[in-house]
Amino acid sequence: MEARDLAFSFGATPALRGAEIEIEAGEILAIMGPSGSGKSTLLHCLAGILVPDSGEVRYNGERLDTMSEARRSALRRDQFGFVFQFGQLVPELTAAENVALPLMLGGIRRAAALRSAHGYFERLGLDGLEQRRSGELSGGQAQRVALARALVAEPKVLFADEPTGSLDSLTGEQVMDLLVGEARAQGTTVVLVTHEPRVAAYADREVVVRDGRVTVPVRRAA
Ligand code: ADP
Ligand code: ADP
């Protein structure tokens, strides 16, 4: 996917001003940069959550920024997965129901959706936690459940905004190992926003956002 010359302002506050990026299919890309530089806004424009004020976002040759909201919403549901920093699980639902939810929203019956969800509990080391509610999970467990929910519909692109931001570094590494392992196994493209170099080190490539523009850092020596 690619974005050209993106601009976006929150009222009078410019968040993006001429941001450009190209992301290859299957690539794991880290977007770094200081707080407030526009990383989340860029991710939200790429994911069709926000529509830029100007510029273009293309996914599979289609313009995300000019398509109907209904089509964008269908793309998000059918092609994209999301992992955020906080508060993503529906507290009234069990962990298993949370993971099955995207499939049920896509029209798959509850029993079949729960069966698909079950496979992810095994793969992500969540055995025995299926009936817990989010308040009964540790931060790392909750984030792995959120990862399972993001992956269960087999997205083409996984958007992750500070996915380890609320976790201690060991737990964050476990989540990143699983995220990257699953993405590589499924050929999923990953767009990862982080300000932590240790998290960015999981990516194939890093870019840095400064003042609403994307700059490409000099490659680190291996
Ligand atoms: P980052 O992800 O790099 O921390 P953001 O994309 O969240 O940066 O924010 C870019 C700029 O837009 C910042 O100046 C921020 O304060 C502003 N901003 C972000 N979200 C909002 C919002 N909902 N309302 C107003 N300003 C916002
Ligand atoms: P920040 O931009 O400050 O890092 P978040 O990434 O947590 O904050 O969320 C920012 C915005 O992303 C929210 O206001 C919301 O519009 C959107 N968002 C959060 N979770 C989801 C989700 N599961 N699906 C779609 N959009 C979401």
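That block above? That's the structure.
Described in the following lines is the structure provided in the data block. (Residues numbered from 1 in each chain as written. Chains lettered and ligands numbered in written order. Predicted model: local features only at pLDDT ≥ 70, side-chain atom pairs only at ≥ 80, totals over all residues. Heavy atoms only, no water.)

1. A closer look at the pattern of salt bridges
For the structure on display, the rule yields 15 salt bridges. Glu69 is the partner of Arg76 in a salt bridge, and the nearest nitrogen-oxygen pair spans 3.3 Å. Glu182 is paired through a salt bridge with Arg123; the nearest N and O atoms lie 2.5 Å apart. Taken together, the residues Glu182 in helix α6 (residues 169–186) and Arg123 in helix α4 (residues 110–123) connect sequence positions 59 residues apart. Judged by its relative accessible area of 42%, Arg123 is partly exposed. Each of Glu2, Arg4, Glu20 and Glu22 takes part in a single network of salt bridges with overlapping partners. (Salt bridge = Lys/Arg side-chain N within 4 Å of Asp/Glu carboxyl O. Helix = DSSP H or I, 4+ residues; strand = E, 2+ residues; numbered from the N terminus. Buried < 20%, exposed > 50% of the residue type's maximum accessible area, 1.4 Å probe, protein only.)

2. Quick word on the pairing of strand β8 (residues 189–193)
Burial analysis of β8 places 5 of its 5 residues in the buried class, which makes it a mostly covered element. On β8, burial covers both faces: Thr189, Val191 and Val193 on one face and Val190 and Leu192 on the other are all buried. For strand β7 (residues 157–161) and β8, the ladder comprises 5 bridges, and the chain directions are parallel. Note on β8: the bridge partner recorded for Val157 is Thr189. (Pairing = 2+ DSSP bridges.)

3. As for the sheet that holds strand β10 (residues 213–215)
Whether parallel or antiparallel, the strands of a sheet pair through hydrogen bonds between backbone atoms. Read across the sheet, 6 strands follow the order β6-β7-β8-β3-β9-β10 without closing on themselves; strand pairing throughout is mixed. On the outer flanks of this sheet lie β6 (80–83) and β10, each paired with one strand and no other. In this sheet, neighbouring strand axes are inclined to one another by 20 degrees on average, regardless of whether the strands run parallel or antiparallel. Bridge analysis of strand β9 (residues 205–210) against β10 gives 3 bridges, and the strand direction is antiparallel. Across the sheet, residue Val209 finds its bridge partner in β10, namely Val214. Contacts from helix α5 (residues 139–151) reach β6 and β7 within the one sheet, and its direction differs from that of β6 by about 170 degrees. (Axes fitted to C-alpha atoms, helices over the stretch in contact; angles between N-to-C directions. Contact = heavy atoms within 4.5 Å.)

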